[in-house]
Protein chains: 2
Amino acid sequence: MRQPKIAILGFGNAGQAFARLLIEKKKEIQAIYGQDPIVTAIVTRSRGSLVAEGGLDLEKLLSDLAKTGRFDPADPYQSVAGAIEVAEQADYDILVELTPLEIFSGQPAIDHIKAALNRNKHVITANKGPIAWAYRELRDLALKQDVCFFHETTVMDGTPVFNLVADTLPLCKVTRVEGILNSTTNFVLEELSKGIPMEEVMEEGRKRGFVEADPSLDLLGWDAAAKTAALLNVLMDAGTTPDKIARKGIEDVTKEQIIEAASRGKRIKLLCRGEIKDGIVYGSVAPEEVDVSDLFSTITGASSVVRITTDLMGTLSIVEHDPEILQTGYGVFSDLLRILAKGQ
Amino acid sequence: MRQPKIAILGFGNAGQAFARLLIEKKKEIQAIYGQDPIVTAIVTRSRGSLVAEGGLDLEKLLSDLAKTGRFDPADPYQSVAGAIEVAEQADYDILVELTPLEIFSGQPAIDHIKAALNRNKHVITANKGPIAWAYRELRDLALKQDVCFFHETTVMDGTPVFNLVADTLPLCKVTRVEGILNSTTNFVLEELSKGIPMEEVMEEGRKRGFVEADPSLDLLGWDAAAKTAALLNVLMDAGTTPDKIARKGIEDVTKEQIIEAASRGKRIKLLCRGEIKDGIVYGSVAPEEVDVSDLFSTITGASSVVRITTDLMGTLSIVEHDPEILQTGYGVFSDLLRILAKGQ
């Protein structure tokens, strides 16, 4: 049975959830796809790195991580190779790029992906930086090299957005995209609407995981702008970047405004938008009032929505409800299965 | 260039929208799929039937239909063959089954589909009868014959539901399905909530196309039960039929109940449900109260929603907003493109 080799760059919660799926679904993958993928390299910045051409023992390394927070220092497969060395030189068929997002450049993930594509390797990424900053170049390189470049997880975890359009809406042209894609601002706006002061909202948000240590990238709309750029680049071939998205965060939205809007049957949400005018795609992120009768008003907490308008299939919305980390791992996993299906 | 031959049974609004897509997208289909599908037979009950092994002139026959409501009686390709004769004997590669729904049996569409599958022909249907009444048998026959049997349009027009799960959620097991799938009851419940008496609601609904001449199949929940059976058969391998769906229509729901529920922040909707308990799939259709904060409360008019819960991808919803007839034609068209993609 063919054993496609996988190299993983970055191994946080998403990577670990992906690895657990590989273990749990091993027999199903063999039965359905006639292949037995193995992981030949895992690179991390703080947990150590492992490289083994014959395949790593995922159960053991997950267990080591769970116990000590890092790979076993005595593991004979410990390696000092960095991410770019592995991308450029290791023995693998599929690169899984899960390094942390650098929202203002997409690097070094873009270079990792280029290195793999230049070697005719398939690439899966859950990092939205490369899709937001360099999608067209990477897509064209993958096409030229005749390899897959999949990135479902970069927006809405494993909920099908990119694969939805690519696989189930053939020949449809996307003419408009709207969405609510940032859970931090979603949480903050909701809590403010209950009359809770901003300082308490942020404290509670940090406790519950909705608010990062530095929340500015979320509150100022940068995270939403990166997701908007990614959506428009893939679905509308916009060739845009996050800095070109007209961006307004929620920093000026007050508790009083939210409560006043609610009295008129409106909710304030941070909306992402993209549309074509005269052949040019315009993207924006801004707080907007939505009516309580609009589906968008019901998107709360970590849930998210993308609404797509097309020439042939009208308008449809896809909603992810209350995702957990498994759904991020599944996004990477489903992209892997798409690659295996093509190789059958 | 290969010219797959299509036979179409039934040629109402959906069939005509499908034919227009074949004309409009001819060059794109040739460029992308390397094939040039032609229509070799169209059978109708009241508009005449046409059979031509070399391919029919779709532009001319659509124009004839638009002008006179039927095919040109002098057309040299006029045929007296009925639907089952064409399915059993005509020269085609792909059968497109668009005959009217017989909600209590799924016939004669089931026999048309069986005839095609037995001849190793691919089948596309927009008729939910066969999916609600005989899905497992037809699916297994198609598998045995190694041909495609696609039916995206049977629930929510061309909005991806079946193809969504099949193509974008690999290895996910569906554990729960919920939805709002009947626009007549959706319209009636909304209008009643405005305080309009039932007789006026029905009259207005007939004018606007929401209410059929005989609305009982909708009001009593039969249409929703057939869609529920179809969803559960395909997504959960339920092997059920519409008569086994626990069914309660909206016939006993009063204007007063709806208004009282609204005063508590609730909307009454006709909900379809399916879930697994101890390996058995239970389906139901019934009016239920949903909270105004629930996405389901925002589904109005002809819009519809399916919410799917899976083991690996959590819960997601897909919503079709205000569909038109083009979306029905597109559902059939997208299934055709899936067949062409497999034949590349």
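Just so it is clear, the model here is predicted, and its values are computed rather than measured.

A.B. asks: Is there a simple way to think about the overall build of chain A in this case?
C.D. replies: Of the regular secondary structure elements, chain A holds 13 helices and 12 strands. With respect to the three principal axes, the spread of C-alpha positions in chain A is 65 × 45 × 35 Å. Sequence separation of 24 or more characterises 70% of the internal contacts of chain A that already satisfy a separation of 6 or more. For chain A, the accessible surface area stands at approximately 13800 Å², while carbon and sulfur atoms represent 49% of it. Where the 38 positive side-chain charges of chain A centre and where its 50 negative ones centre are 2 Å apart.

A.B. asks: Help me understand the relation of the copies chain B and chain A in this model?
C.D. replies: Between the two copies of the chain lies a relationship made up of a rotation around an axis and a movement along it. Once chain B has been moved 0.0 Å along the axis and rotated by 180°, it coincides with chain A to within an RMSD of 0.0 Å. Such a combination of turn and shift is consistent with a two-fold rotation axis. Ranked by how close their C-alpha atoms come to the rotation axis, the residues of chain B are headed by B:Ile318, at 2.3 Å. Both copies present the same face, since 100% of the interface residues in chain B are matched by interface residues at the equivalent positions in chain A.

A.B. asks: Got a minute to help me understand the confidence of the model for chain A in this structure?
C.D. replies: Reading predicted coordinates in detail is not appropriate for stretches of low pLDDT. Averaged over chain A, the pLDDT score is 96; the fraction of residues at 70 or greater is 100%. With pTM at 0.96, the complex prediction returns an ipTM value of 0.95.

A.B. asks: Sorry, what's going on with the interface of chain B and chain A here?
C.D. replies: Reports often express the size of an interface as the amount of accessible area lost when the parts come together. Each partner contributes residues to the interface: chain B has 41 residues there, and chain A has 41 residues. Roughly 3300 Å² is buried in total at the junction of chain B and chain A, and carbon and sulfur atoms are behind 67% of that figure. Taken as a group, B:Leu171, B:Leu312 and B:Tyr330 account for 21% of the area that chain B buries against chain A, more than any other trio of residues on that side. Linking chain B with chain A are two salt bridges. Two residues, A:Lys173 and B:Glu28, come together in a salt bridge whose shortest N-O distance is 3.7 Å. Put simply, chain B and chain A have 12 residue pairs in polar contact (both at pLDDT 80 or more) between them. Contributions of two or more residues to the side of chain B that touches chain A are made by helix H2 (26-33), helix H7 (162-168), strand S12 (314-321) and helix H13 (325-342) of chain B. At eight residues, S12(B) tops the list of elements feeding residues into the side of chain B that touches chain A.

A.B. asks: Looking at this structure, I do not really get the nonpolar core. What am I missing?
C.D. replies: A general tendency of soluble globular proteins is for nonpolar side chains to be buried together. Formed by 213 residues in total, the largest nonpolar core has its most connected members in A:Leu235 and B:Leu235. Element by element, the count of residues in this core is highest for helix H11 (residues 222-236) of chain A, at 11 residues. Aside from chain neighbours lying at most four places away, what touches B:Leu235 is B:Val161, B:Phe162, B:Val165, B:Val174, B:Val177 and B:Ile308. The next biggest cluster of nonpolar side chains, apart from the first, holds 16 residues, and it includes A:Ile180, A:Phe296, B:Val290 and B:Val319.

A.B. asks: Quick question: what am I supposed to make of H13(B) here?
C.D. replies: The α-helix winds at 3.6 residues per turn, so residues separated by three or four positions along the chain end up facing the same way. A rise of 1.5 Å per residue sets the reference length of H13(B), with its 18 residues, at 26 Å; its end C-alpha atoms lie 27 Å apart and thus fit the reference within 8%. Of all 18 residues in H13(B), 14 are buried; the element is thus mostly enclosed.

A.B. asks: Teacher, can you tell me more about unusual backbone geometry here?
C.D. replies: Residues other than glycine predominantly adopt negative phi, and peptide bonds predominantly adopt the trans conformation. All names here are of chain A. Of note, the bond from Gln107 into Pro108 is cis; its omega dihedral lies within 30 degrees of zero at 0°. Structurally, the position occupied by Pro108 is in the loop between strand S4 (94-97) and helix H5 (109-118). Its identity as a non-glycine residue notwithstanding, Asn120 has a phi of 60°, on the positive side. Tracing the chain through its elements places Asn120 in the loop between H5 and strand S5 (122-125). Look at Asp278: it is not a glycine, yet its phi comes out positive at around 50°. Structurally, Asp278 can be placed in the loop between strand S9 (266-277) and strand S10 (280-291). Judged by its relative accessible area of 80%, Asp278 falls in the exposed class.

A.B. asks: I tried to follow the sheet that holds S12(B) on my own but got confused; where do I start?
C.D. replies: Paired through their backbone hydrogen bonds, the strands of a sheet run either parallel or antiparallel. What the 12 strands build is an open sheet, ordered S8(A)-S10(A)-S9(A)-S7(A)-S11(A)-S12(A)-S12(B)-S11(B)-S7(B)-S9(B)-S10(B)-S8(B); its pairing is mixed. In this open sheet, the two strands that pair with only one neighbour each are strand S8 (246-247) of chain A together with strand S8 (246-247) of chain B. Pairing between S9(A) and S10(A): 12 bridges, direction antiparallel. Bridge pairing links A:Gly274 to A:Gly283 in S10(A). Against the sheet, helix H12 (residues 255-263) of chain A contacts S9 and S10 of chain A, and its axis sits at roughly 90° relative to S9(A). The sheet contacts of helix H8 (residues 183-193) of chain B involve strand S7 (174-180) and strand S9 (266-277) of chain B, and relative to S9(B) the element is tilted by about 145°.

About the cut-offs
- The written sequence of each chain sets the order in which its residues are numbered from 1.
- All chains are assigned letters beginning with A, and all ligands numbers beginning with 1, in the order in which they are written.
- Reporting of local features is limited, given that this is a predicted model, to residues whose pLDDT is at least 70; pairs of side-chain atoms are given and counted only at 80 or more, and all residues count toward the totals for whole chains, interfaces and linings.
- As a rule here, side-chain values come from all non-hydrogen atoms in the structure, and water together with hydrogens is ignored.
- Elements are defined by DSSP. Helices are runs of H or I of four residues or more, strands are runs of E of two residues or more, and each kind is numbered from the N terminus.
- When checking whether two residues touch, look at their non-hydrogen atoms; a contact exists if any pair is within 4.5 Å.
- Under the convention used here, a 1.4 Å probe and the Shrake-Rupley method define accessible areas, while residue burial counts only the protein chains that appear.
- As used throughout, the charge tally considers Lys and Arg to be positive and Asp and Glu to be negative, leaving His and the chain termini uncounted.
- Note that the charge is assigned to NZ on lysines, CZ on arginines, CG on aspartates and CD on glutamates.
- Least-squares superposition of the copies uses the C-alpha atoms of those residues scoring a pLDDT of at least 70 in each of them.
- Per-residue confidence from the predictor is reported as pLDDT, which spans 0 to 100.
- As a working definition, buried area equals the accessible area (1.4 Å probe) given up by two parts on being put together, with both sides summed.
- Any Lys or Arg side-chain nitrogen located within 4 Å of an Asp or Glu carboxyl oxygen qualifies as a salt bridge.
- Any N or O atom pair separated by 3.5 Å or less is treated as a polar contact, with the protein-specific requirement of one donor-capable and one acceptor-capable atom, and with residues adjacent in sequence counted only for side-chain atom pairs.
- Only buried residues count toward a nonpolar core. Its members are Ala, Val, Leu, Ile, Met, Phe, Trp, Tyr and Cys residues joined through side-chain atoms within 4.5 Å.
- The rule is simple: take the accessible area with a 1.4 Å probe, protein chains only, and divide by the maximum for that residue type; under 20% is buried, over 50% is exposed, in between is partly exposed.
- To estimate how far a helix should reach, multiply one less than its number of residues by 1.5 Å.
- Two strands form a pair only when DSSP identifies at least two bridges running between them.
- In this description, a line fitted to the C-alpha atoms serves as the axis of each element, helices being fitted only across the stretch in contact, and the angle between N-to-C directions of two axes falls anywhere from 0 to 180 degrees.

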